[in-house]
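# Understanding the architecture of this molecule
Spelled out from the first residue to the last, the chains are:
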Amino acid sequence: MSKVRTTLTIDESVMKAVRVRAARSGKGDSEVIEDAVRRSLGLDLFERMWQQSDLSADEAMDLALEAQRETRAG
């Protein structure tokens, strides 16, 4: 997965908590922040579901498009 460099303005106490979590977990600050954002957006759930699925990418897309069409029709 490609990464993008960005600049954030974040509350000092939040950044302190990020640094503490990073030190305790042996991760970098960026990894702790990315993990938190993924959880907040629900991306971790999608990734777990994708790993458990035996559908190919094309089959998953077809299923998603079918569900979208049915939703729009109803």
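In the block above lies the structure referred to throughout.
All residue numbers refer to position in the chain's written sequence, counted from 1. Per-residue local features are limited, in this predicted model, to residues with pLDDT of at least 70; the limit for side-chain atom pairs, both in listing and counting, is 80 or more; totals at the level of whole chains, interfaces and linings are taken over all residues. The basis for every side-chain value is the complete set of non-hydrogen atoms in the structure, without hydrogens or water.

## A look at the overall build of the chain
Put simply, the rule reads: Numbering goes from the N terminus for both helices and strands, where a helix is a DSSP run of H or I of at least four residues and a strand is a run of E of at least two. We take the radius of gyration over the C-alpha atoms and set the globule estimate at 2.2 Å times the residue count to the 0.38 power. Here the open area of atoms and residues is found with the Shrake-Rupley method and a 1.4 Å probe, where only the protein chains shown may cover a residue. Just so you know, the count uses Lys and Arg for positive and Asp and Glu for negative, and it drops His and the chain ends. To locate a charge, take NZ of a lysine, CZ of an arginine, CG of an aspartate or CD of a glutamate.
Each helix and strand counted, the chain has 4 helices and 0 strands in total. Scanning the chain from its N terminus toward the C terminus, one meets helices and strands in the order α-α-α-α. A compact globule built from 74 residues should have a C-alpha radius of gyration of about 11 Å, whereas the chain, at 18 Å, is more than 25% larger. Reported as C-alpha extents along the three principal axes, the dimensions of the chain are approximately 50 × 25 × 20 Å. Carbon and sulfur atoms make up 53% of the accessible area of the chain, which totals about 6900 Å². Here the chain carries 12 positive and 14 negative side-chain charges, and the mean point of each set is 10 Å from the other.

## Description of the pattern of salt bridges
The following threshold applies: A pair is scored as a salt bridge if a Lys or Arg side-chain nitrogen falls within 4 Å of a carboxyl oxygen belonging to Asp or Glu. For each residue, the accessible area found with a 1.4 Å probe, counting protein chains only, is set against the maximum for its type, and the residue is called buried under 20%, exposed over 50%, and partly exposed in between.
Enumeration according to the criterion identifies 4 salt bridges in this entry. Notably, a salt bridge pairs K3 with E34, separated by 2.8 Å at the nearest N-O pair. Here E34 lies in helix α2 (residues 29–41) and K3 lies in the segment before α1 (12–25), a separation of 31 residues in the sequence. By relative accessible area, K3 is classed as exposed at 61%. What makes E34 partly exposed here is its relative accessible area of 28%. As a salt-bridge pair, R19 and D29 come within 3.6 Å of each other at their nearest N and O atoms. Residue R19 is found in helix α1, and its partner D29 is found in helix α2; the two are separated by 10 residues along the sequence. A residue is classified by how much of its surface remains accessible, and D29, at 29% relative accessible area, is partly exposed. One network of salt bridges, with partners in common, ties together K3, E34 and R38.

## Quick word on a negative patch on the surface
Going by this rule: Note on patches: the residues involved have over 30% relative accessible area and no salt bridge, like charges join within 9 Å, and the nonpolar side chains Val, Leu, Ile, Met, Phe, Trp and Tyr join within 5 Å.
A contiguous patch of negative charge on the surface is contributed by D54, D58, E59, D62, E66 and E70. For D58, the position within the fold is in helix α4 (residues 57–73).

## Observations concerning a nonpolar patch on the surface
A cluster of nonpolar side chains, L8, I10 and V14, forms an exposed patch at the surface whose accessible area comes to about 250 Å². Structurally, the position occupied by V14 is in helix α1.

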